[in-house]
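# Secondary and tertiary structure notes
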Amino acid sequence: NARNNTIRISDSVELATVPETRFICHFHSRDSSCGPGGSFVTFSEFNFNYEYVLWRKRKAYKSMFLESGRDVEQFELSSLLFSCPVPRDVATAETKQNSWKLDLVPIRTPPRRNREMLMTLNHVGPQYYEHLADNQKGTLVLFREKKEQVSLAEMLVSAGRWANLPLCWNSPSVKAAPIDRVGAPPLSSAAPKPHYFVACTWTAANYFRRGDATAIRDSEKRLREWITFHKLVGLDHVYVYDNTNPPESLQNSSEGFQSPLKQVVEKYFSDEFVTYIPWPCKVCSNNRPNHPNPGERSSQYAAESSCRERFGAQTEWMSFIDIDEFLVPMMPSGDGEKRVTSWKPILEQKKRDGLHVLKMRSSRGKPRVEMMETIHNDTDNVCKAIGSSKFPEELCLRPLPSQTLLRVYNCEYIRPPKPERFQRAMKQIYRPAFVLSHYVHYSTITKPMTEYYGRKLASSQQSNAKFHPRVEDWEWGDTFLDELEEGCLSHTKSIVPHETMYRSSICKLESNQACPLGYQCPDSTEFVDKLHQKNVFTDQEGNYCNCWINHHLEDTLIPLMEEELQLSEKSR
């Protein structure tokens, strides 16, 4: 009971005051200055009904809870988002805020197995409710029968809890109760937003590609280029989630540790453009996706959800990309052959067109061989061969320090426009007011998908519409951008030096091995998708080539970025 507003938990959806909940949120303070009112309870609220969304996306045949196999098989469940409404008395006690803690007490209910769901008439309407299986409708048995009667209070005591979680009062996501459902704000919201287009990234000072044993240590240079470039192309703000962990020698030490990436942010950029967020959550498994025990990056998934939840309401458009990915505006400017250098006119046009999710196919660029140098003194031991090979070994290569990595890797081995199969690793620019859940590559849940039977009918954009569980095209609100005339993604993923050890043997015509280096093709060389793995492309003189440069990047955007990098270095 908070401010005399009783919150009732029940095994009946009709009787419960919170439609979907999982935790009792106990706000408490031991500060005597808080007086007798130093304890308040609210119930957690989900941003939307996950089961209902799965049902609408024709995934009712899958279970929310798996007893065997992968823990999370569906992208929609990569992050389960919920909120704890903050009681007014807690949020307004400005002098006492530091003393408040939060306990999360799970409400223990039997897991729903074997396609069990909790759908009601209000969710799906009479037409589809009668066709649901018996274990998908009705009420949920909240507490199973026990031989001895146990009170609710006793069950809560034995439920376990996460105790004494600190409250981050400076977060824009902290609001006082009562509040609306925590999902995205209405699309028609007229409240001014401080930003129009922002980007979030999750990175670390050194990292391993999936399944690799060799660390890559170019993140400081990459991050500086990434922030500088995106400021030049019209982004208003970027959020850097730093996954850097202290070295093992300092993990049990009281000595201070400052991430190299934090030093880059503080040295070259202002708080007005960059928000730095330490995020040292360990990645426990980094196996490749086709591994029997594929890796997962829950730290990355949580960082993405955090950025959308905390900062999404402050911007019209948002993107979550890696620091080796660059959003390149390609719209013609109307001035001869020139193209725009900002994303804003493109996004404004797409907003007028009623689109909310802009998708870009992704393939990796290759490092241009003429911008690489030989490693004569391998002090970092990065040229050690992995496994055995029939080819003779050579000294390894690495990018020239004098060249920006964006220029080095500006050579697409899949010449745009890319084939459809490259949409699997797409990246997106989306409106956070429309997208309620995003998973790395995909907008998994949008606002219209979550609307129940009656509300969906009332808000349908189609005349004489009937409720249908299938997700309509307009509920996705998405489109693939024209890579040549609107915008594209430049993916500059690093290769590791030992991959260049056999270049003379494999980087040649009709080789049956993939060449890791880039040999630039002229624009006159036609790209044929069926042949690109056969190493048959040549320039006018018949020399081997395998990639094409983006001229807008090469001639306009990269020079602008390089000029800004030089100016910022001189001003230090």
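Residues numbered from 1 in each chain as written. Predicted model: local features only at pLDDT ≥ 70, side-chain atom pairs only at ≥ 80, totals over all residues. Heavy atoms only, no water.

This part covers helix 3 (residues 121–129). Residues of helix 3 that are buried include every one of His123, Val124, Gly125 and Tyr128, and no others. Buried residues of helix 3, viewed axially, fall in a sector of 130 degrees; they line one side. (Buried < 20%, exposed > 50% of the residue type's maximum accessible area, 1.4 Å probe, protein only. Helix = DSSP H or I, 4+ residues; strand = E, 2+ residues; numbered from the N terminus. Arc of directions from axis to C-beta.)

With that settled, the discussion passes to the sheet that holds strand 12 (residues 357–360). Note on sheets: strands pair through backbone hydrogen bonds, and any given pair is parallel or antiparallel. Strand order in the open sheet formed by seven strands is 9-8-7-10-15-12-18, with mixed pairing between adjacent strands. Every other strand in the sheet has two partners, leaving strand 9 (274–278) and strand 18 (478–480) as the edge strands with one partner each. Going across the sheet, the axis of each strand differs from the next one's by a mean of 20 degrees, ignoring polarity. Relative to strand 15 (residues 427–430), strand 10 (residues 315–320) is paired through two bridges, and the arrangement is antiparallel. Within the sheet, the bridge partner assigned to Met318 lies in strand 15 and is Tyr430. (Pairing = 2+ DSSP bridges. Axes fitted to C-alpha atoms, helices over the stretch in contact; angles between N-to-C directions.)

This brings us to the confidence of the model for the protein. With 81% of its residues at a pLDDT of 70 or more, the protein shows a mean pLDDT of 84. Segment residues 140–147 is flagged for pLDDT under 50; beyond a separation of four residues in sequence, or across chains, it makes 16 contacts in the model. Confidence over residues 177–186 falls short of pLDDT 50; this stretch has 26 contacts with residues more than four positions distant or in other chains. (pLDDT = per-residue confidence, 0-100. Contact = heavy atoms within 4.5 Å.)

So, about the pattern of salt bridges. Counting across every chain of the model gives 25 salt bridges. One salt bridge in this structure joins Arg56 and Glu475, with 2.8 Å as the shortest N-O distance. Pair noted here: Arg56 is in helix 1 (residues 50–56) and Glu475 is in helix 12 (residues 473–476), with a separation of 419 residues, a long-range link. Of the charged contacts, one joins Arg470 and Glu472 as a salt bridge, the two residues approaching to 3.4 Å between their closest N and O atoms. For Arg470, a relative accessible area of 40% translates into the label partly exposed. (Salt bridge = Lys/Arg side-chain N within 4 Å of Asp/Glu carboxyl O.)

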